[in-house]
Amino acid sequence: MSAKVLTTVLTFLLCLSLWGLSVDDTTLGFPYPDYELPESANDSALRELGRHLFYDPILSIDSSTSCATCHQQFSAFAHIDHTLSHGVLGRVGKRNVPALQNLAWQTSYMWDGAIEHLDMQSISPITGHDELGETMPNILHKIRSAPRYALRFLGAYNSDTISVPRILTALGHFCASLVSGKSRYDNYISGKDTFSIQEHRGLTLFRRHCSPCHTEPLFTNNEFVSNGIHVDSALMDIGRAKVSRVDKDDYTFRVPSLRNIAVTHPYMHDGRFRRLRDVLLHYSSPDKYASHADPRLRTIGVLNDGERKDIIAFLLTLTDNDFLNNARFADPTTAQPLGNK
Ligand code: HEC
Ligand code: HEC
């Protein structure tokens, strides 16, 4: 084994041990993740505490809604029923629910990167008016009063203190454990599976046209760009510019991963496209791109019907059934992935 390969393997094993994943859980070839575990934490108990909180409607103002109401396992923790998210009391949000996967490798969160650390991310849905509509003091009070949580906090933190940072870290840690890396594509890359001729053609086209932004192996380069869609005149979402306050970021959004893309419809930050066919038609209509489209899109040109079908055939190989059905990520009260009950 060469020194370079050895270093890569050792770095990978170190990163797995950091958040308690076994080698079997993920795939070789992912870079070193950005998210790290607090030193004193007991990894699997912390992840388990986070899982219980993620599925618990106690986090919402009227005990009706949990994180998992919007982020459903069978759709890679996205939501396939509606274009914009639906929260407590019938309140409709302003963006499409994104998939939750491989978050430990992301450098910022939300479509516009408004949140920079996974352990801070949950404040936004918990206190969001259109999401769980709660306050942090209320959450703290309710969780302290729920007998089922005392032992879980003790197990996760070796101390029974229940605090807001501890609640947030547990949720962040569960989210970080949602790793998807066992699709047919991963098996193809590691030589365990083969592709059909059409899937091969799709991969070649994908690498030529889509990889600059949807870069392997995570299928995102984590940049904020415009993929040429026009702004929705009702939502007037300016994207990244809302956070950065820089004009050049107008109408740019974080490049989403395309892993599990077959099951995370509808697509784009506002859920405007229902089918992959619609997405591919968008990318192969350069004359219709918005003026703020990233220049890299220009190399795509007009894709013919066969090319669009080939790319879709390739995208379907990114579905990771192990991830979608993994009991470790499922509702702990039923141990079944939501929707498969
Ligand atoms: C009402 C539906 C809803 C609920 C409830 C909800 N989310 Fe979300 N979630 C969203 C939407 C919509 C976004 C994208 C928001 C944006 O870009 O402004 C999002 C984004 C995220 C992200 C960032 C993903 C990424 O790729 O950047 C994470 C992580 C996340 N949610 C975790 C959670 C957790 C943990 C909870 C529970 C505490 C939760 N969500 C509750 C709808 C919801
Ligand atoms: C210049 C960068 C860039 C290129 C090149 C690019 N995309 Fe994208 N893609 C994006 C961005 C940014 C978004 C999110 C846009 C939004 O929601 O406003 C996106 C969204 C998507 C989505 C929806 C994902 C979701 O979760 O909603 C799909 C599917 C997709 N792209 C497929 C492709 C395919 C297939 C190609 C090649 C034909 C491609 N993209 C080329 C930047 C790019």
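For the structure itself, look to the data block above.
So, here's what we can say about the structure.

### Topic: the overall build of the protein chain
Looking only at helices and strands, the protein chain features 14 helices and two strands. Burial status across the protein chain gives 38% buried among its 341 residues. Once local pairs closer than 6 in sequence are excluded, the contacts in the protein chain between residues at least 24 apart make up 69%.

### Topic: the nonpolar core
Ranked by size, the top nonpolar core spans 57 residues in total, and within it L53, L103, I167, A170, L171, C175 and L178 carry the most contacts. Those elements that place two or more of their residues in this core are α2 (43-54), α3 (67-70), α6 (136-145), α7 (150-157), α8 (164-176), α12 (276-283), α13 (305-315) and α14 (321-325). Split by domain, this core shows at least three residues from each of two domains, domain 1 (33-180) and domain 2 (184-318). Not counting chain neighbours up to four residues away, the residues in contact with A170 comprise L46, L49, G50, L53 and A156. Membership of the second largest hydrophobic core comes to five residues, among which are F224, V225, F253 and V255.

### Structural notes on α12
Within the sequence span of α12, burial applies to V279, L280 and Y283. Along the axis of α12, the buried residues cluster in a sector spanning 95 degrees; they form a single face. In the core, the buried residues of α12 are packed alongside α13.

### So, the environment of C70
Mapped onto the elements of the fold, C70 is located in helix α3. Residue classification places C70 among the buried residues on the basis of 22 C-beta atoms within 10 Å. Separated by 11 residues in the primary sequence, C70 and D81 have C-alpha atoms spaced 9.6 Å apart. Discounting residues that sit within four places of it in the chain, C70 has contacts with H79, S85 and V97.

### Details of the site of ligand 1
Taken together, 28 residues form the shell around ligand 1, and within it C67, C70, G87, M110 and P125 come nearest. Sorting the residues of the shell around ligand 1 by element identifies α3, α5 (123-127) and α8 as the ones contributing at least two each. Considering each element in turn, the shell around ligand 1 owes the most residues, three residues, to α3. Residues of the shell around ligand 1, tallied by class, amount to 16 nonpolar, nine polar and three charged.

### With respect to unusual backbone geometry
Omega for the peptide link from E216 to P217 comes to 0 degrees, which places this bond in the cis form. For P217, the position within the fold is in the loop between α10 (197-209) and β1 (224-225). Phi angles above zero are rare outside glycine, and L89 is one such case at about 50 degrees. Turning to its location among the elements, L89 is positioned in the loop between α3 and α4 (118-121). Residue L89 is classed as partly exposed on the basis of its C-beta count, with 13 C-beta atoms lying within 10 Å.

### Observations concerning the packing of α2 against α7
Two elements in contact, α2 and α7, have axes separated by 7 Å at closest approach and are oriented at 145 degrees. The element α2 and its partner α7 pack so that their crossing is left-handed. Residues A45, L46, L49 and H52 of α2 pack against R152, F153, G155 and A156 of α7. Residues of the contact of α2 with α7, tallied by class, amount to five nonpolar, two polar and one charged.

### Notes on α8
Given a rise of 1.5 Å per residue, 13 residues ought to cover 18 Å, and the 18 Å separating the end C-alpha atoms of α8 matches this to within 8%. With 11 of 13 residues buried, α8 is to be regarded as a mostly interior element. Every buried residue of α8 is listed here: R166, I167, L168, T169, A170, L171, G172, H173, F174, C175 and A176. Where the residues of α8 are buried, they touch α2, α4, α5, α6 and α7.

### Re the environment of H173
With respect to the helices and strands, the residue H173 is situated in helix α8. On the neighbour-count criterion, H173 (27 C-beta atoms within 10 Å) is buried. Considered as a pair, H173 and D43 are 130 residues apart in the sequence and their alpha carbons are 8.4 Å apart.

### A word on the environment of H79
Topologically, H79 is positioned in the loop between α3 and α4. Residue H79 is classed as buried on the basis of its C-beta count, with 22 C-beta atoms lying within 10 Å. The spacing of H79 and P266 is 187 residues in sequence and 8.2 Å in space, taken between C-alpha atoms. In this structure, H79 is in contact with C70, H71, Q72, S85 and V97, ignoring residues within four places of it in sequence.

The rules we used
- Residues numbered from 1 in each chain as written.
- Chains lettered and ligands numbered in written order.
- Predicted model: local features only at pLDDT ≥ 70, side-chain atom pairs only at ≥ 80, totals over all residues.
- Helix = DSSP H or I, 4+ residues; strand = E, 2+ residues; numbered from the N terminus.
- Buried ≥ 20, exposed ≤ 12 C-beta atoms within 10 Å, placed from the backbone.
- Contact = placed C-beta atoms within 7 Å.
- Core = buried A, V, L, I, M, F, W, Y, C linked by C-beta atoms within 7 Å.
- Domains from an automatic or database assignment.
- Arc of directions from axis to C-beta.
- Near = placed C-beta within 6 Å.
- Nonpolar A, V, L, I, M, F, W, Y, C, P; charged D, E, K, R; others polar.
- Axes fitted to C-alpha atoms, helices over the stretch in contact; angles between N-to-C directions.
- Left-handed = near helix turned anticlockwise from the far one by under 90°.
- Expected span 1.5 Å × (residues − 1).

So far we have only geometry, and geometry alone does not tell us how the molecule works.
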